[in-house]
Amino acid sequence: QVRLVESGGRLVQAGDTLQLTCIASGRPFTSLAVGWFRQSPGKEREFVAATRISGESTYYHDSVKGRFTIYRDNAWSKFYLRMNALKSEDTAVYYCAAHEAGDYTGVLESQFPYWGQGTQVTVSS
């Protein structure tokens, strides 16, 4: 079983930068592909970003490309979502997620069996 604990969400102003952190435990971190999802009020949870074991291959939702960066520190079993140029529409509960790496990197919610508890990001305009 993989346990994920995320942190870093808070109230920020539009245009600010914020970094979320997720700490993984329970399985060797290098066996996991990891990602971030978010859910805004009244909307379904959506994919934000994902990366494979090495962190060299990354995938992003079009709405965050060029502004958000996912990266991981395999030595500390942590991964991050750095969010630049935040917009009010980025307001959501952000969830970190993981799956056994295999030969793919998931971008669908159904591909990730392990989830954190969520952290609220609110962007004020």
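Rules used throughout
Residues numbered from 1 in each chain as written. Predicted model: local features only at pLDDT ≥ 70, side-chain atom pairs only at ≥ 80, totals over all residues. Heavy atoms only, no water. Core = buried A, V, L, I, M, F, W, Y, C linked by side-chain atoms within 4.5 Å. Buried < 20%, exposed > 50% of the residue type's maximum accessible area, 1.4 Å probe, protein only. Helix = DSSP H or I, 4+ residues; strand = E, 2+ residues; numbered from the N terminus. Salt bridge = Lys/Arg side-chain N within 4 Å of Asp/Glu carboxyl O. Disulfide = S-S within 2.5 Å. Pairing = 2+ DSSP bridges.

*Asks:* Describe the nonpolar core, listing the residues and the values that go with them.
*Replies:* Residues Leu 4, Trp 36, Leu 81, Met 83 and Tyr 94 are the most contacted members of the largest nonpolar core, which totals 28 residues. For this core, the secondary-structure elements that each account for two or more residues are β3 (18–25), β4 (32–39), β5 (46–51), β7 (68–73), β8 (78–83), β9 (92–100) and β11 (119–124). Counting residues in hydrophobic clusters, the runner-up holds 5 residues, among them Phe 47, Ala 50, Ala 97 and Phe 112.

*Asks:* Describe the pattern of salt bridges, naming the residues involved and giving the relevant values.
*Replies:* Inspection of every chain in the model, using the stated rule, returns 6 salt bridges. Across the pair Asp 90 and Arg 38 runs a salt bridge, and its minimum N-O distance is 3.0 Å. Note that Asp 90 is positioned in the loop between β8 and β9 and Arg 38 in strand β4, a separation of 52 residues in sequence. Each member of the pair, Asp 90 as well as Arg 38, is classed as buried. Taking the shortest distance from any N to any O, the salt bridge between Lys 65 and Asp 62 comes out at 3.1 Å. Via salt bridges that share partners, Arg 38, Glu 46, Arg 67 and Asp 90 belong to a single interconnected network.

*Asks:* Run through the state of the cysteines, naming residues and quoting values.
*Replies:* What the rule picks out here adds up to 1 disulfide. Covalent S-S linkage joins Cys 22 and Cys 96, the inter-sulfur distance amounting to 2.1 Å. Here the S-S torsion is close to 50°, and the disulfide linking Cys 22 with Cys 96 is therefore right-handed. Here the residue Cys 22 occupies a position in strand β3, and Cys 96 occupies one in strand β9, the gap between them amounting to 74 residues. Both residues of the pair, Cys 22 and Cys 96, count as buried.

*Asks:* Let's hear about the pairing of β3: which residues, and what values?
*Replies:* Bridging between strand β1 (residues 3–7) and β3 involves 5 bridges; their strand directions are antiparallel. In the sheet register, Glu 6 faces β3, and the bridge partner there is Cys 22. Relative to β8, β3 runs antiparallel, the two sharing 6 bridges. Within β8, the position partnered with Cys 22 by the bridge is Phe 79.

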